[in-house]
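Summary of the model geometry
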Amino acid sequence: MKRTTIIAFIAVLGLFTILTGCSKNKTEPLSERIAKNWSAQKVEENNVVVYNKGGANNVKPAYSQYSLDLSNPPTVVIKQVDGFTSTGQYELQGDTRLVLKNLSPAPTDGPTIEFNIGTVNDNSLEITRTTADRKTGGTTNKYTLSNP
């Protein structure tokens, strides 16, 4: 009886050690996952696809130059569809909002641009402007960005 109890105790202790010793894959914080230089993969204006990277029939092929550089936090460099480039700072508000602020030179819509954050993974970032973009005719734009 004593021997069975000792063997059972050692087995339980071994199982506990194995289970607690296994590390789970920890997800990096969003601030680290988005700290990259992003370029347009797909762009929708008012829910209509106007650009697909590599697409032959893009309605707005100029989105090929669109980029959002978040690789040097908290500095941001945004190059818009018309090639206009601004530098400023960015911040995350929770895991749902990306705010570009103090942009200089200020874009048409002012020195602040805000996005709601959608899906994020290692090579893709989905963001949607919270306000209409005057540069694109007052459309609400959804960007699927890729890295590289």
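Computed from a prediction, not measured in an experiment: that's the story for all the values here.

Burial along strand 8 (residues 124-129) is one-sided: Leu125, Ile127 and Arg129 are buried, while Ser124, Glu126 and Thr128, pointing the other way, are not. Once strand 7 (residues 113-121) ends, the chain turns through two residues before running back antiparallel as strand 8. Looking at chain direction, strand 8 and strand 9 (residues 141-146) are connected through five bridges and run antiparallel. By the bridge assignment, Thr128 is partnered in strand 9 with Lys142.

Relative to strand 7, strand 6 (residues 97-104) runs antiparallel, the two being bridged by four bridges. Note on strand 7: the bridge partner recorded for Leu100 is Ile113. In this structure, strand 7 lies alongside strand 8, joined through five bridges in antiparallel fashion. Looking at strand 8, one finds that Ile117 is bridged to Ile127.

Further remarks concern the nonpolar core. Counting residues in each nonpolar core, the largest one holds 26 residues, and the members touching the most others are Ile34, Leu68, Leu70, Leu98, Leu100, Leu125 and Leu145. At the level of secondary structure, the elements contributing two or more residues to this core comprise strand 1 (37-45), strand 2 (48-52), strand 3 (67-72), strand 4 (75-79), strand 6, strand 7, strand 8 and strand 9. When residues of this core are assigned to their parent elements, the largest contribution, four residues, is made by strand 7. For Ile34, the contacting residues outside a window of four places in its chain are Leu70, Tyr90, Leu92, Leu98, Val120 and Leu125.

Mapped onto the fold, Ser86 is located in strand 5 (residues 85-93). Separated by 2.6 Å, the side chain of Ser86 and the backbone oxygen of Pro105 make a polar contact. When sequence neighbours within four positions are dropped, the list of residues in contact with Ser86 reads Val76, Val77, Ile78, Leu103, Ser104, Pro105 and Pro107.

With that out of the way, let us pick up empty space enclosed by the protein. Tallying each qualifying case throughout the model produces two cavities of 30 Å³ or more. Of the pockets and cavities examined, the largest cavity occupies roughly 60 Å³. Taken together, Tyr63, Tyr66, Ile78, Gln80, Val81, Ile113, Phe115, Arg129, Asp133, Thr136 and Tyr143 make up the full set of residues lining the largest cavity. The residue makeup of the lining of the largest cavity, split by class, is seven nonpolar, two polar and two charged.

In total, this model carries nine salt bridges according to the counting rule given. The salt bridge involving Arg97 is made with Glu114; its shortest N-O contact spans 2.6 Å. In this pair, Arg97 sits in strand 6 while Glu114 sits in strand 7, placing the two residues 17 residues apart along the sequence. A salt bridge links Asp109 to Arg129, with the shortest nitrogen-to-oxygen separation between them at 3.0 Å. One end of the pair, Asp109, is in the loop between strand 6 and strand 7; the other, Arg129, is in strand 8, with 20 residues separating them in the sequence. Look at the salt bridges and you will find they share partners, linking Asp109, Arg129, Asp133 and Arg134 into a network.

Parameters at a glance
Residues numbered from 1 in each chain as written. Predicted model: local features only at pLDDT ≥ 70, side-chain atom pairs only at ≥ 80, totals over all residues. Heavy atoms only, no water. Buried < 20%, exposed > 50% of the residue type's maximum accessible area, 1.4 Å probe, protein only. Helix = DSSP H or I, 4+ residues; strand = E, 2+ residues; numbered from the N terminus. Pairing = 2+ DSSP bridges. Core = buried A, V, L, I, M, F, W, Y, C linked by side-chain atoms within 4.5 Å. Contact = heavy atoms within 4.5 Å. Polar contact = N/O pair within 3.5 Å; in protein donor to acceptor, adjacent residues only side chain to side chain. 1 Å grid on protein atoms, 1.4 Å probe; cavity = no way out; pocket = protein on both sides within 12 Å on 5 of 7 lines; lining within 4 Å. Points joined across faces, edges and corners; volume = space filled by probe spheres on them. Nonpolar A, V, L, I, M, F, W, Y, C, P; charged D, E, K, R; others polar. Salt bridge = Lys/Arg side-chain N within 4 Å of Asp/Glu carboxyl O.

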